[in-house]
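Working through the structure, step by step
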Amino acid sequence: MTERRQIQIATPSLGEEEWQALREPIETGWLTQGPKVAAFENAFAARHEVKHAVAATSATTGLHLALAALGIGPGDEVIVPAFTWVATANVVLYCGATPVFADVDRVTYNIDPKDVARRLTPKTKAVIPVHLFGLCADMAALRKVLRPDIKIIEDAACAAGASWEGRPAGALGDLGVFSFHPRKSITTGEGGMVTTNDDGLADRVRKLRNHGASVSEEERHHGPRPYLLPEFELLGFNYRMTDLQGAVGLVQLKKLDTFIDERADLAARYRKELAGVRWLRMPEEPPKGRHAWQAFVTYVNPNAAPRSRNEIMEFLQQQGISTRPGTHAVHMLKYYRQRFGLKPDDFPGARDCDRNTMAIPLHNRMSDDDLSYIVQALSRL
Ligand SMILES: *Cc1c(COP(=O)(O)O)cnc(C)c1O
């Protein structure tokens, strides 16, 4: 056994280039949404093969913008998976609409289209499938169970650079939303991006993120008419990304595919070297597509594991290996339990994923030795 280590579950990968990219906005004094954000948006749209990419302050605010742009409000129902980050459901409540949970598949961790079909009502206006941990939800199966008037917003917070049947995440639904939180594939500290091919939706998202204003800041500051103040046709928000973040995002985006390839190599090694650990199920890979490997989330089989999931996580912590549950079952969180009277057994797939998933370290600062050390620790159990 090699010496004791300290291996993080995830860590962002930034360096000299990001540092240098901050110079220009700082020297010019253009700090909020401006030329760097615009360049980041254009590059992001090109990489994800969509007409429009609109930056926001986070994926949470991006999802809020997407729902607001679709005009979703009180009386409307939006279907969300029960196993996801809480924000996917919270944004529905921000609009005064009702989140309706659907169960997830225990193997892919993603929304189960068959369960979505059971939750549809005449009030269903949209579905938010989540591409959890970088694996795209089964979009064809989902589309098949939905009426044509129901909109799809991809929660692609974990899925920058992922693809499904040859098309990138963010180009698979009516709108897509990405996150640049440090825990995600590329980062701007905090940040998000809304993608769409629909000109009208893109226009509404752009206005809504800037107080509902219909004249851009660029036009106001550089246009020929100094008397121009914006008109406000919509109740908007201030969800503008800073140009400091845009500058960093532009550099990070250039590294996206290298980051994913590096993580895919580590993931392949995990799959191969942990194959003998029979009580630990490896995450699913897409049959036709690319996993973005935002996280490597295993499933501890409770009927076969030598100890409980939590004891295994404690054991690994003692070896200096950070782990986390994959994410949470939102229907089991106190606010949702109390407000909607939900029970853990209402969504058994999400309940089991909540109790049995375990993310093990995967990031671009991990060495081959780190991975060997983790494999050894798990094999020793
Ligand atoms: C991280 C995450 C979010 C929220 O992203 P922020 O940028 O932190 O707001 C939403 N949905 C999912 C699935 C996520 O993993």
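Cut-off values and rules
- Residues numbered from 1 in each chain as written.
- Predicted model: local features only at pLDDT ≥ 70, side-chain atom pairs only at ≥ 80, totals over all residues.
- Heavy atoms only, no water.
- UniProt positions renumbered as here; feature names shortened; annotations may be inferred.
- Helix = DSSP H or I, 4+ residues; strand = E, 2+ residues; numbered from the N terminus.
- Contact = heavy atoms within 4.5 Å.
- Buried < 20%, exposed > 50% of the residue type's maximum accessible area, 1.4 Å probe, protein only.
- Near = heavy atom within 4 Å.
- Polar contact = N/O pair within 3.5 Å; in protein donor to acceptor, adjacent residues only side chain to side chain.
- Areas by Shrake-Rupley, 256 points an atom, 1.4 Å probe, with all protein chains shown as cover.
- Nonpolar A, V, L, I, M, F, W, Y, C, P; charged D, E, K, R; others polar.

Going by what an unreviewed UniProt entry lists, the chain is known as GDP-perosamine synthase and is assigned to Nitrospira japonica. Here the chain is described in UniProt, under the heading Pathway (unreviewed entry), as follows: "Bacterial outer membrane biogenesis; LPS O-antigen biosynthesis." Recorded in UniProt for the chain, the comment headed Catalytic activity (unreviewed entry) runs: "GDP-alpha-D-perosamine + 2-oxoglutarate = GDP-4-dehydro-alpha-D-rhamnose + L-glutamate".

Re the UniProt feature "modified residue: N6-(pyridoxal phosphate)lysine" (unreviewed entry) in the chain
Within the UniProt annotation, "modified residue: N6-(pyridoxal phosphate)lysine" (unreviewed entry) is assigned to Lys184. Looking at the secondary structure, you find Lys184 in the loop between strand E8 (175-179) and strand E9 (192-196). Once residues within four sequence positions are removed from consideration, Lys184 is found in contact with Ala157, Cys158, Ser179 and Gln294.

Let's talk about the side chain of Asp370
Within the secondary structure layout, Asp370 lies in helix H14 (residues 368-380). Its relative accessible area of 12% is what places Asp370 among the buried residues. Other than its neighbours up to four places away in sequence, Asp370 contacts Arg5, Ile7 and Arg365.

Concerning the site of the ligand
In the vicinity of the ligand, 14 residues are found, and the nearest of them are Ala59, Thr60, Asp155, Ser179 and Lys184. Contacts to the ligand include Ser179, whose side-chain N or O atom sits 2.7 Å from an oxygen atom. In the environment of the ligand, an oxygen atom lies 3.0 Å from a nitrogen or oxygen atom belonging to the side chain of Lys184. Burial of the ligand by the protein chains amounts to 90% of its free accessible area of 380 Å². Partitioned by chemical class, the residues of the shell around the ligand number five nonpolar, seven polar and two charged.

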